[in-house]
Amino acid sequence: MTAAYDTDNIFAKILRGEIPSHRVYEDDAVVAFMDVMPQGPGHTLVVPKAPSRNLLDANPSTFGPLFTVVQKVALAVKKALNADGVTVLQFNEPASGQTVYHLHVHVIPRFDGIPLKPHTGAMEKPEVLTENAGKIRAALGS
Ligand code: 5GP
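Residues numbered from 1 in each chain as written. Predicted model: local features only at pLDDT ≥ 70, side-chain atom pairs only at ≥ 80, totals over all residues. Heavy atoms only, no water.

The helix and strand tally for the chain stands at three helices and five strands. Element order for the chain, N to C, with α for helix and β for strand: α-β-β-β-α-β-β-α. A compact globule built from 142 residues would reach a C-alpha radius of gyration of about 14 Å, and the chain, at 14 Å, matches this within 12%. Considered along the principal axes of its C-alpha atoms, the chain spans approximately 40 × 30 × 25 Å. Burial statistics for the chain: of 142 residues in total, 39% are counted as buried. The positive charge centre, built from 13 side chains, and the negative charge centre, built from 14, are 4 Å apart in the chain. (Helix = DSSP H or I, 4+ residues; strand = E, 2+ residues; numbered from the N terminus. Rg over C-alpha atoms; globule rule 2.2 N^0.38 Å. Buried < 20%, exposed > 50% of the residue type's maximum accessible area, 1.4 Å probe, protein only. Lys, Arg positive; Asp, Glu negative; His and termini not counted. Charge placed at Lys NZ, Arg CZ, Asp CG, Glu CD.)

Turning our attention to the site of the ligand. Around the ligand sit 18 residues in total, of which D35, T99, V100, H106 and H119 are the nearest. Within the side chain of D35, an N or O atom sits 2.5 Å from an oxygen atom of the ligand. Taking V36, its main chain carries an N or O atom lying 3.5 Å from a nitrogen atom of the ligand. Computed on the free molecule, the ligand has an accessible area of 520 Å², of which 91% lies beneath the protein chains in the complex. The dominant element in the shell around the ligand, judged by the number of residues it contributes, is helix α1 (residues 10-15), at three residues. Taken together, the residues that form the shell around the ligand break down as 10 nonpolar, seven polar and one charged. (Near = heavy atom within 4 Å. Polar contact = N/O pair within 3.5 Å; in protein donor to acceptor, adjacent residues only side chain to side chain. Areas by Shrake-Rupley, 256 points an atom, 1.4 Å probe, with all protein chains shown as cover. Nonpolar A, V, L, I, M, F, W, Y, C, P; charged D, E, K, R; others polar.)

Attention now goes to unusual backbone geometry. Look at E93: it is not a glycine, yet its phi comes out positive at around 75 degrees. With respect to the helices and strands, E93 occurs in the loop between β4 (85-89) and β5 (105-110). E93 sits in the buried class, given a relative accessible area of 17%. The backbone of T120 sits at a positive phi, close to 50 degrees, despite the residue not being glycine. Counting through the fold element by element, T120 comes out in the loop between β5 and α3 (126-140). Residue classification places T120 among the partly exposed positions, given a relative accessible area of 37%.

Right under this line is the structure:
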């Protein structure tokens, strides 16, 4: 049986503003912020405010607003980082590689010939996250 949603997971704390994040986008239903261990420059996480562990227990009404923002952010990171493409990833339960148990979608700018860095590899410098967040916010027009 799948575990219950934990209201103290790290993204729930970020959504409540209890711990800081480099936010690039927010609306009534969705928040986007920089991944602190990016798999490439500009790696952004798109997170619905509605609580669910992952895609498997989410209310289907979550997906429309969530993927509308995934597309907005994908276009913005491509423009902001001058990327050649964008990888969108989403993990469900430990066997898949999920490490934070609040539904989220990874949006990662990609560059021809450059592989992704490891998932949850190294922490990025805060000043790099701040700089990339600024570029993405500008591309989003926010
Ligand atoms: P998952 O493995 O659950 O698909 O992805 C969780 C992601 O959250 C990872 O890519 C990891 O680098 C990122 N992450 C973990 N802790 C934090 C944090 O405190 N703040 C932010 N912004 N990202 C985090």
